Amino acid sequence: MPQFWYNVKTHEVEEDAQSDWTQLIGPYETRAEAEQALEKVRQRNEAWDAAEED
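A quick note: this is a predicted structure, and the numbers were derived from the prediction, not measured. (Residues numbered from 1 in each chain as written. Predicted model: local features only at pLDDT ≥ 70, side-chain atom pairs only at ≥ 80, totals over all residues. Heavy atoms only, no water.)

J.: What am I meant to see in the overall build of the protein chain here?
T.: When its secondary structure is counted, the protein chain shows two helices and three strands. For the protein chain, the sequential pattern of α-helices and β-strands runs β-β-β-α-α. Its C-alpha radius of gyration of 13 Å places the protein chain more than 25% over the 10 Å reference for a compact globule of 54 residues. Classification of the 54 residues of the protein chain by burial places 19% in the buried group. (Helix = DSSP H or I, 4+ residues; strand = E, 2+ residues; numbered from the N terminus. Rg over C-alpha atoms; globule rule 2.2 N^0.38 Å. Buried < 20%, exposed > 50% of the residue type's maximum accessible area, 1.4 Å probe, protein only.)

Structure (structure tokens):
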């Protein structure tokens, strides 16, 4: 089963990690999940920031 990765440098989804790992977020099971990687990161950062304020 292929894995999908989001490349933070090119802003493209890669199948089976083709770039250097320092540029990738993942792995994800589907292309759609990988396409939403930055949104997921933003949501997690907001949750962590909110938890720190408490």
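After that view of the structure, there is still more to cover.
J.: Would you mind going over the sheet that holds strand β1 (residues 4-7) with me for this structure?
T.: Strand pairing in a sheet takes place through backbone hydrogen bonds and is either antiparallel or parallel in direction. A sheet is described by the order of its strands in space; here three strands give the open sequence β2-β1-β3, paired in antiparallel fashion. Only two strands of the sheet have a single neighbouring strand rather than two, namely β2 (12-15) and β3 (24-28). Neighbouring strand axes in the sheet, compared pairwise and without regard to direction, differ in orientation by 25 degrees on average. Taken strand by strand, helix α2 (residues 37-53) contacts β1 and β3, and its axis lies near 100 degrees from that of β3. (Pairing = 2+ DSSP bridges. Axes fitted to C-alpha atoms, helices over the stretch in contact; angles between N-to-C directions. Contact = heavy atoms within 4.5 Å.)

J.: Sorry if this is basic, but what is going on with the pairing of β2 here?
T.: In regular strands, side chains alternate between the two faces of the sheet. Note that β1 and β2 share four bridges and pair antiparallel. Bridge pairing in β2 places Phe4 opposite Glu15. Hairpin remark: β1 followed by β2, antiparallel, with four residues in the connecting loop; positive phi at His11, about 60 degrees.

J.: Honestly, a negative patch on the surface in this entry has me stumped. Any pointers?
T.: A cluster of acidic residues, Asp49, Glu52, Glu53 and Asp54, forms a negative patch at the surface. Checked against the element boundaries, Asp49 lands in helix α2. We classify Asp49 as partly exposed; its relative accessible area is 43%. (Patch = residues over 30% accessible without salt bridge, like charges linked within 9 Å, V, L, I, M, F, W, Y side chains within 5 Å. Areas by Shrake-Rupley, 256 points an atom, 1.4 Å probe, with all protein chains shown as cover. Salt bridge = Lys/Arg side-chain N within 4 Å of Asp/Glu carboxyl O. Lys, Arg positive; Asp, Glu negative; His and termini not counted. Charge placed at Lys NZ, Arg CZ, Asp CG, Glu CD.)

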